[in-house]
Amino acid sequence: MNETYIMPDYEIVRNAERCVRCMACVRLCANGAHIFDEKRGVLTADDSKCVNCHYCVANCPTKAIKIVRSDHCFKPSANYTEDVIKDIYRQADTGGVLLSSMGTTKSYPVYWDKMLVNASQVTNPPIDPLREPMEIRTFLGKKPETVKYRADGRLEAETHPNLMLKTPIMFSAMSYGSISKNAHIALARAAEELGTFYNTGEGGLHEDLYQYGANTIVQVASGRFGVHPAYLNAGAAIEIKMGQGAKPGIGGHLPGSKIGEDVSRTRMIPKGTDAISPAPHHDIYSIEDLRQLVFGLKEATDYKKPVIVKIAAVHNIAAIASGIARSGADIIAIDGFRGGTGAAPTRIRDNVGIPIELALAAVDTRLRDEGIRGRVGLVAGGSVRSSADVVKAIALGADAVYIATPALLAMGCHLCRSCHGGKCNWGIATQSPELVARLDPDVARERLVNLVTAWSREIMEMMGGMGINSIEALRGNRLMLRGIGLTQKELDVLGIRHAGE
Ligand code: SF4
Ligand code: SF4
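Bear in mind the structure is a predicted one, so any value in this text is a computation, not a measurement.

Q: What is the right way to read the overall build of the protein from this model?
A: Within the protein one finds 16 helices and 23 strands. A globule of 501 residues ought to have a C-alpha radius of gyration of about 23 Å, and the protein, at 24 Å, matches this closely. By principal-axis analysis of the C-alpha atoms, the protein measures approximately 95 × 55 × 45 Å. By the burial criterion, 48% of the 501 residues in the protein qualify as buried. Considering only contacts in the protein between residues 6 or more positions apart, those separated by 24 or more positions represent 69%.

See the structure below:
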């Protein structure tokens, strides 16, 4: 689209001495940012088309390209910043809602970075994770509320289906359609190798991926795309998506251009039509309605699969979670507002919801206060960026975390924030066959396995430092956290003390 008044954000700088005119950049850029002007015999660029995805930079054989932030500038203003002005121009051009990809770019507090982890020193000494066994296996789901002795002395407990994770890290929902089949294959194979789970998102399950069912969480969203009995029974757990952190209160929209033959068959919708999932589930207007769907799904799967309810982190999250824990759901997944997205209205992404850290702490506190924490497993997602964030999430009360953006980065994503355009040069957020082919699912699988393995090792190191050898002992153990530079109110919500106390 030709944007009136808007200067390009980035500038393509080509080192003429290094360039050997191989034309790889011209051939490879899906956005057409590199141009060979045949008449003049000149290699040039259209900066306005560059999304700063670094694909040309990575594939230039002589490293002749660099992308720099354009130094076109507006008169400085703390109020009408460059971004504010450009957004107004864009909307004046189109009359449309602004769309964005990936998480918010606004500088809201990142509470992970305002919490510090404890370490043992003299008493309760640290544990060396290289020499001592460390347990990070996690059982995710409802726990028995009562344990009785039978007359013969054997234990009797009401058991519920749980997911067994070899590491407390799962790949969160990304639908087939929003990401490519090769990306899904990589996630599925990595989950299988790691002994964890990936999540179909709301796009159904491609027939080629049924073989990874034991490591798959199948999602049921408001659009019910691709939902049928075989799909529900194919996965190890079923997730009802009530909300998403990046766009609370909003449904989903996958443009018709991304609904090719395969995606259309998997989603069970006509080829080329927009896949619009409504904001609400049209059969859920209360916890009782949610309970009906939870038990409908359990009935359809013979009570063998845990049911997850995924909600966006919003103001009254603790009360909502309390209701969900009483609805019969086995697991609650909370998605914070800094989480990623394939496409979200920019204003929603940047202004709606609350940070995952505060939401998670509030939910864990409320469920413990009400004596129902054991009724559900808790999963936190929406901007978990490192193993330290995982440790802090578990100490705040999570059983496990969901990661998506780090998984995409591991596969090659360069966070160009253009997923909604469907032209991902890295073969991830696209359905274009020639772009999809750029992502080798086995290379991506290996990189995902490496990432989660590295994080798992770091988690064990941090646990060892705290003198803890089982992740069970870290869960909700907020004594292991201290706040730094936080107000008393923030400390109270997080349920932690300040550093030095
Ligand atoms: S890929 Fe690099 S060497 Fe090849 S034409 Fe482009 S800038 Fe020149
Ligand atoms: S997935 Fe692709 S389009 Fe989306 S941010 Fe990453 S590199 Fe850009």
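Q: Help me understand the site of ligand 1 in this model?
A: Neighbouring ligand 1 are 14 residues, the closest being C19, C22, A24, C25 and C60. A per-class count over the shell around ligand 1 returns eleven nonpolar, one polar and two charged.

Q: Help me out: how do you make sense of the pairing of strand β13 (residues 216–220) in this one?
A: Consecutive side chains along a regular strand alternate between the two faces of the sheet. β13 sits mainly inside the fold: five of its five residues count as buried. Burial along β13 is two-sided: T216, V218 and V220 facing one way and I217 and Q219 facing the other are all buried. Sheet topology note: the strand β12 (residues 198–199)/β13 ladder contains two bridges and is parallel. Across the sheet, residue Y198 finds its bridge partner in β13, namely T216. Where β13 meets strand β14 (residues 237–241), four bridges bridge the pair, whose relative direction is parallel. Across the sheet, the residue bridging to V218 is I238, located in β14.

Q: How should the packing of helix α4 (residues 181–194) against helix α14 (residues 441–465) be read in this particular structure?
A: Think of two packed helices as two axes; the pair is described by the angle between the axes and how far apart they sit. Contact geometry of α4 with α14 gives a least axis separation of 8 Å together with a crossing angle of 45°. One element, α4, and the other, α14, form an angle in the oblique class. Helix-helix and strand crossings are classified by hand; for α4 and α14 the assignment is right-handed. Here α4 contributes N182, A183, I185, A186, L187, R189, A190, E193 and L194 to the contact with α14, which in turn contributes P441, A444, R445, L448, V449 and V452. Tallied by class, residues from the contact of α4 with α14 come to eleven nonpolar, one polar and three charged.

Q: What should I look at first to understand the site of ligand 2 in this one?
A: With respect to spatial proximity, 15 residues lie near ligand 2, and among them C413, C416, C419, C424 and A429 are the closest. Within the shell around ligand 2, the residues separate by chemical class into eleven nonpolar, three polar and one charged.

Q: Would you take a moment to explain the sheet that holds strand β22 (residues 481–483) for this structure?
A: For sheets, the rule is that strands pair by backbone hydrogen bonds, running either parallel or antiparallel. Ordered in space as β6-β22-β23, the three strands form an open sheet in which the pairing is mixed. Two strands bound the open sheet, and with one partner strand each, they are β6 (115–117) and β23 (497–498). Where β22 and β23 come together, two bridges link them in parallel fashion. Within β23, the residue paired with G483 across the bridge is H498. Helix α11 (residues 387–396) rests against β6 and β22 of the sheet, and its axis sits at about 95° to β6.

Q: I'm lost on α14 in this one. Help?
A: Along an α-helix, a turn takes 3.6 residues, which lines up residues three or four apart on a common side. Taking 1.5 Å per residue, 25 residues should reach 36 Å; α14 reaches 36 Å between its end C-alpha atoms and fits that length. Taken from the residues just after α14, G467 is the one with a positive phi, measuring 80°.

Q: I keep staring at the sheet that holds β14 and nothing clicks. Help me out?
A: Taken in spatial order, the eight strands of this open sheet run β11-β21-β20-β18-β17-β14-β13-β12, and their pairing is parallel. A single partner strand is all that each edge strand has here, and the edge strands are β11 (169–171) and β12. In this structure, β11 lies alongside strand β21 (residues 400–403), joined through three bridges in parallel fashion. Bridge pairing in β21 links F171 to I403.

Q: Mind showing me how you'd approach the domain arrangement of the protein here?
A: The domain boundaries assigned to the protein delineate domain 1 (10–96) and domain 2 (138–498). Here the C-alpha centre of domain 2 lies 35 Å away from the C-alpha centre of domain 1. With eight residues of domain 1 in contact, the opposing surface of domain 2 contributes seven residues.

Q: Quick question: what am I supposed to make of the nonpolar core here?
A: Core analysis: the biggest nonpolar cluster contains 141 residues, and I332, I334, V401 and M411 have the highest contact counts within it. Inspection of this core shows a minimum of three residues originating in each of domain 1 (10–96) and domain 2 (138–498). Sequence-distant contacts of V401, defined by excluding residues within four places in its chain, comprise P168, I169, V379, A380, G381, V384, V390 and A393.

Q: Teacher, can you tell me more about unusual backbone geometry here?
A: With the exception of glycine, most residues fall at negative phi, and the peptide bonds are largely trans. Positive phi, close to 45°, is recorded for N124, a residue that is not glycine. Residue L415 is not a glycine yet carries a positive backbone phi of 50°. Here L415 falls in the partly exposed class, since 16 other C-beta atoms lie within 10 Å of it.

Q: Help me understand α4, please; the structure alone is not making it clear to me.
A: If you check α4, its first and last C-alpha atoms are 20 Å apart, about what 14 residues at 1.5 Å a residue would give, namely 20 Å. Within α4, twelve of the 14 residues are buried, which leaves the element mostly enclosed by the surrounding structure. When we look at burial in α4, the residues that qualify are K181, N182, A183, H184, I185, A186, L187, A188, R189, A190, A191 and L194. Following α4 by one or two positions, G195 adopts a phi angle in the positive range, close to 75°.

Q: Which parts of the structure should I look at to understand the environment of L205?
A: Examined against the element boundaries, L205 turns out to sit in the loop between β12 and β13. Sequence-wise, L205 and V218 are 13 residues apart; in three dimensions their C-alpha atoms are separated by 7.5 Å. Those residues in contact with L205 that lie beyond four places of it in its chain are T200, Y210, T216, V218, G226, Y231, A234 and T266.

Q: What's the story with the environment of G340 in this structure? I'm lost.
A: Its place among the elements puts G340 in the loop between β18 (331–335) and β19 (344–345). The exposure class of G340 is buried, given the 29 C-beta atoms found within 10 Å. When the C-alpha positions of G340 and G245 are compared, they lie 7.9 Å apart, and in sequence the two are 95 residues distant. Residues in contact with G340, not counting those within four places in the same chain, are M102, G103, A246, A404 and T405.

Q: Would you take a moment to explain the environment of R368 for this structure?
A: Here R368 lies in helix α10 (residues 356–369). For R368, a count of 14 C-beta atoms within 10 Å corresponds to the partly exposed category. Taking the C-alpha atoms as reference points, R368 and G397, 29 residues apart in sequence, are found 9.8 Å from one another.

Definitions and cut-offs
Residues numbered from 1 in each chain as written. Chains lettered and ligands numbered in written order. Predicted model: local features only at pLDDT ≥ 70, side-chain atom pairs only at ≥ 80, totals over all residues. Helix = DSSP H or I, 4+ residues; strand = E, 2+ residues; numbered from the N terminus. Rg over C-alpha atoms; globule rule 2.2 N^0.38 Å. Buried ≥ 20, exposed ≤ 12 C-beta atoms within 10 Å, placed from the backbone. Contact = placed C-beta atoms within 7 Å. Near = placed C-beta within 6 Å. Nonpolar A, V, L, I, M, F, W, Y, C, P; charged D, E, K, R; others polar. Pairing = 2+ DSSP bridges. Axes fitted to C-alpha atoms, helices over the stretch in contact; angles between N-to-C directions. Parallel < 35°, antiparallel > 145°, perpendicular 65-115°, else oblique. Left-handed = near helix turned anticlockwise from the far one by under 90°. Expected span 1.5 Å × (residues − 1). Domains from an automatic or database assignment. Core = buried A, V, L, I, M, F, W, Y, C linked by C-beta atoms within 7 Å.

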